[in-house]
Amino acid sequence: MEPHAPPSNGRGLFYVKELVTLDTERQMTRQMTGAKMVVQALKDQGVDTVFGYPGGAVLPIYDEIFQQNDIRHILVRHEQGAVHAAEGYARSTGKVGVALVTSGPGATNAVTGLTDALLDSIPILVITGQVPTFMIGSDAFQEADTVGITRPCTKHNWLAKDTATLAETLHQAFHVASSGRPGPVLVDIPKDVQFASAGYTPPEKTNNTNYQPQMSGDIESINELVEALESAERPVFYTGGGVINSGPKASKLLRELVEATGIPITSTLMGLGAYPASGKHWLGMLGMHGLYEANMAMHDCDLMINIGARFDDRITGLIDAFSPGSKKAHIDIDPSSINKVIKTDIPIVGDVASVLDDILKVWKARGRNINREAIANWTGQINEWRKVDCLKFTQQGKTIKPQYALKRLEELTKSHDRYITTEVGQHQMWAAQYLNFEDPNRWMTSGGLGTMGYGFPASIGVQMAHPESLVINVAGEASWLMNMQEMGTAVQFRLPVKQFILNNERLGMVRQWQELLHGERYSHSWSEALPDFVKLAEAFGAKGILCSDPADLDDAIMEMINHDGPVIFDCLVEKHENCFPMIPSGKPHNEMLLGEASTQGAIEAGGAVLV
């Protein structure tokens, strides 16, 4: 027998077939540089848009981007803008957003966006360049410990030292970013790894078994929740961004469950749109600046069903006084969120869509039982709280109230295929209060980190994903200036994003807290030396609109909508308007600061208020 001949026993035929299969696989494994692998991996993952900024450590990747036409690269003006744009793209599509930046300062400039995405569970991949492997640790030019710096603000990160495993690492990064509780991931690629060549591993050959989140909820716990739901007298659904992250099916099942049971529903800032604002059982947003009826219902309910929210401090207020008489259920795909802040009676780890599907099946199989008489009485109490009309305001005189500006924006844009992003501050809360969302993935805002400068680049990402849609960024002048340089990006790529700035010449939320909680000592909350926003828009090659008179507001908004390019809309509003309702720090849900117009109504409705 020749040395390499197959054995002559009964396994011979199998052995020959195995050799042929392995040889075929070797031939199918394409040899390519690490830089080319990056581009090929993005293509194989269905990526069509990358937001980035070039630098020395990623030039091999940029060279490969130049030589292909399948992926569009959007040149931002700052790496923070690239990551926020990727967030906007991801949040509005449900896909993984991608940003590409260089080493050192490029990577450190991405940290804010990564932290923002981590807290809001946004699936993004940030690819960073790194100095060559043999120079790591030598304090080389533009070297930073990117993996060390970003470990606390990513779901997972990798330093790719071997070209042979680079493609598999990238595919694993997409899997981790989008599976379970979504979040940001980062792959740091040294320059010599980008130049070297190796065999490319396609997605279907990638081993993702190390991370397989639990999707199905425990059926015994689901049965326990259904039993509690059947007997509850004052139940409420408390929903969050996890419903949206779970996908369209989750929102559909949530709506079915709410309509079938008649149980009232509220939402966090991140969950707006999962249940329609026009829905019969909608309470509005809850929390620090949530609606009076939503917060009162949360405080007085006897069964709280948390679906895809994390009991953050903007929602709970004073933890010891948080909904003291309720049984609490918590549905979340992230087991670390269960019992992290609030002790729950019925914890269910699993994907929201999967768990809601099982809840509906069990509830229907048990006879669709609900305490309808008690819930009718509960709804009656909620309707009494609604009469407080906590968002009531009076528009009079020649100064535009910020609430009025957003009411008119809602009325004039609600019939459009509309997406809203925001910056952070008073304007963000007013937008959540006065703009209505009928569908998920239409509302992009920085919830957990509260990142000033988020909204403008996020609107660019949304517009790239939805080129024919109306995309509006509701901003304050101070927040908008944080990333104003991205107007160059909007103009260069002809993105008709509308920047709707509520200009009160103040750091509005800071000023409000100083007025109410710090003895009216306005320490550095005044914006001085503001630019002329109309001239600024024109300097970038965009359109600027100034409006200061309520009588001109509708026409000015229509001019903004109808313009086919990017617009900066400078809406001069009342400088000292406060955002109400407001739960002060250290107070429970049923003790809110209300505007003068609503305080008396709240007292008459039997609610506790702080005047």
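How each quantity is defined
- Residues numbered from 1 in each chain as written.
- Predicted model: local features only at pLDDT ≥ 70, side-chain atom pairs only at ≥ 80, totals over all residues.
- Heavy atoms only, no water.
- Pairing = 2+ DSSP bridges.
- Helix = DSSP H or I, 4+ residues; strand = E, 2+ residues; numbered from the N terminus.
- Axes fitted to C-alpha atoms, helices over the stretch in contact; angles between N-to-C directions.
- Contact = heavy atoms within 4.5 Å.
- Core = buried A, V, L, I, M, F, W, Y, C linked by side-chain atoms within 4.5 Å.
- Buried < 20%, exposed > 50% of the residue type's maximum accessible area, 1.4 Å probe, protein only.
- Domains from an automatic or database assignment.
- Salt bridge = Lys/Arg side-chain N within 4 Å of Asp/Glu carboxyl O.
- Buried area = accessible area lost by both parts, 1.4 Å probe.
- Polar contact = N/O pair within 3.5 Å; in protein donor to acceptor, adjacent residues only side chain to side chain.
- Nonpolar A, V, L, I, M, F, W, Y, C, P; charged D, E, K, R; others polar.
- UniProt positions renumbered as here; feature names shortened; annotations may be inferred.
- Phe/Tyr/Trp six-rings, centres within 6.5 Å; stacked < 30°, edge-to-face > 60°.
- Lys NZ or Arg CZ within 6 Å of the ring centre and 35° of its normal.

Undergrad: Is there a simple way to explain the sheet that holds strand 5 (residues 124–130) in this structure?
TA: Hydrogen bonding along the main chain pairs the strands of a sheet, whether they run parallel or antiparallel. The six strands lie next to each other as 3-2-4-5-7-6, forming an open sheet whose pairing is parallel. Taken across any chain shown, the strands that pair with only one partner, and hence form the sheet edges, are strand 3 (72–75) and strand 6 (156–159). Adjacent strand axes in the sheet meet at a mean angle of 20°, parallel and antiparallel pairs treated alike. For strand 5 and strand 7 (residues 184–190), the ladder comprises seven bridges, and the chain directions are parallel. Across the sheet, residue Gln130 finds its bridge partner in strand 7, namely Pro190. Contacts from helix 3 (residues 59–66) reach strand 2 (49–52), strand 3, strand 4 (97–101), strand 5 and strand 7 within the one sheet, and its direction differs from that of strand 4 by about 125°. Contacting strand 5 and strand 7, helix 6 (residues 111–120) runs over the sheet at an angle of about 145° to strand 7.

Undergrad: Which parts of the structure should I look at to understand the nonpolar core?
TA: One finds Phe500, Met560 and Phe569 to be the most contacted residues of the largest nonpolar core, which totals 97 residues. Here this core takes eight residues from helix 15 (residues 352–365), the largest share from any one element. Formed jointly, this core draws a minimum of three residues from each of two domains, domain 2 (219–386) and domain 3 (402–579). The contacts of Met560, once residues within four sequence positions are left out, are Leu409, Ile472, Lys498, Phe500, Ile545, Val567 and Phe569. Listed in part, the 41 residues of the second largest apolar core include Val101, Ile124, Met444 and Tyr454.

Undergrad: Please explain helix 2 (residues 34–44) as it appears in this structure.
TA: Side chains that are three or four residues apart share a direction in an α-helix, a result of its 3.6 residues per turn. In terms of burial, helix 2 is largely enclosed, as eight of its eleven residues are buried. Considered for burial, the residues of helix 2 that qualify are Gly34, Ala35, Met37, Val38, Val39, Gln40, Ala41 and Leu42. Gly46 sits one or two positions beyond helix 2 and adopts a positive phi of about 80°.

Undergrad: I tried to follow the pattern of salt bridges on my own but got confused; where do I start?
TA: If charged atoms from side chains of opposite charge come close, those side chains can pair. With the rule as written, the count across this model stands at 19 salt bridges. A salt bridge links Lys36 to Glu64, with the shortest nitrogen-to-oxygen separation between them at 3.9 Å. On the criterion of sequence distance, the pair formed by Lys36 in helix 2 and Glu64 in helix 3 is long-range, its members being 28 residues apart. Taking relative accessible area as the criterion, Lys36 reaches 39% and is therefore assigned partly exposed. Exposure remark for Glu64: the relative accessible area of 16% places this residue in the buried category. Each of Glu227, Glu230 and Arg366 takes part in one network of salt bridges that share partners.

Undergrad: Would you take a moment to explain the domain arrangement of the protein for this structure?
TA: Often, the extent of an interface is quoted as the loss of accessible area upon association of its parts. Domain boundaries in the protein define domain 1 (14–205), domain 2 (219–386) and domain 3 (402–579). Each of domain 2 and domain 3 has a C-alpha centre, and these two points are 31 Å apart. Around 1,400 Å² of area is buried between domain 2 and domain 3 when both sides are counted, 64% of it from carbon and sulfur atoms. Summed over the three residues of domain 2 that lose the most area to domain 3, namely Leu269, Leu272 and His289, the buried surface amounts to 41% of that side. In this assembly, domain 2 and domain 3 are joined by zero salt bridges. The interface formed by domain 2 and domain 3 holds seven residue pairs in polar contact (both at pLDDT 80 or more) in total. For the side of domain 2 that touches domain 3, the per-class residue count stands at ten nonpolar, four polar and three charged.

Undergrad: What is the right way to look at the UniProt feature "domain: Thiamine pyrophosphate enzyme N-terminal TPP-binding" (unreviewed entry) in the protein in this model?
TA: UniProt's entry tags residues 32–147 with the feature "domain: Thiamine pyrophosphate enzyme N-terminal TPP-binding" (unreviewed entry), counted in the numbering of this structure. Secondary structure content for residues 32–147 is 43% helix and 19% strand, while the C-alpha to C-alpha distance between its ends is 25 Å.

Undergrad: Explain the sheet that holds strand 9 (residues 235–239) here, please?
TA: Strand order in this open sheet of six strands is 11-10-9-12-13-14, and the pairing throughout is parallel. Looking at which strands have only one partner, the edges of the open sheet turn out to be strand 11 (282–285) and strand 14 (346–349). For this sheet, the mean inter-axis angle between neighbouring strands, taken without regard to orientation, is 15°. Relative to strand 12 (residues 303–307), strand 9 runs parallel, the two being bridged by five bridges. Across the sheet, residue Phe237 finds its bridge partner in strand 12, namely Ile305. Across the face of the sheet, helix 10 (residues 219–231) comes into contact with strand 9, strand 12, strand 13 (327–332) and strand 14 while running at roughly 135° to strand 14.

Undergrad: Sorry if this is basic, but what is going on with the packing of aromatic side chains here?
TA: How two aromatic rings sit relative to each other is given by the distance of their centres and the angle of their planes. A complete count under the given rule lists ten aromatic pairs for this structure. With a centroid separation of 6.2 Å and an interplanar angle of 65°, the aromatic rings of Phe51 and Tyr89 are classed as edge-to-face. Of this pair, Phe51 sits in strand 2 while Tyr89 sits in helix 4 (residues 79–93); the two residues are 38 residues apart in sequence, bridging distant segments of the chain. With respect to class, Phe51 is no different from Tyr89; both count as buried. Aromatic side chains Phe311 and Phe322 sit 5.8 Å apart centroid to centroid with 85° between the ring planes, which places their arrangement in the edge-to-face category. Pair noted here: Phe311 is in the loop between strand 12 and helix 14 (313–316) and Phe322 is in the loop between helix 14 and strand 13, with a separation of eleven residues, a long-range link. When sorted by exposure, Phe311 lands in the same class as Phe322, which is buried. Put simply, the rings of Tyr238, Phe311 and Phe322 touch in pairs and so form one group of aromatic residues. The ring of Phe437 carries Arg418 above its face, with NZ or CZ at 5.6 Å from the centroid. Over the aromatic face of Tyr419 sits the side chain of Arg442, whose NZ or CZ is 4.2 Å from the ring centroid.

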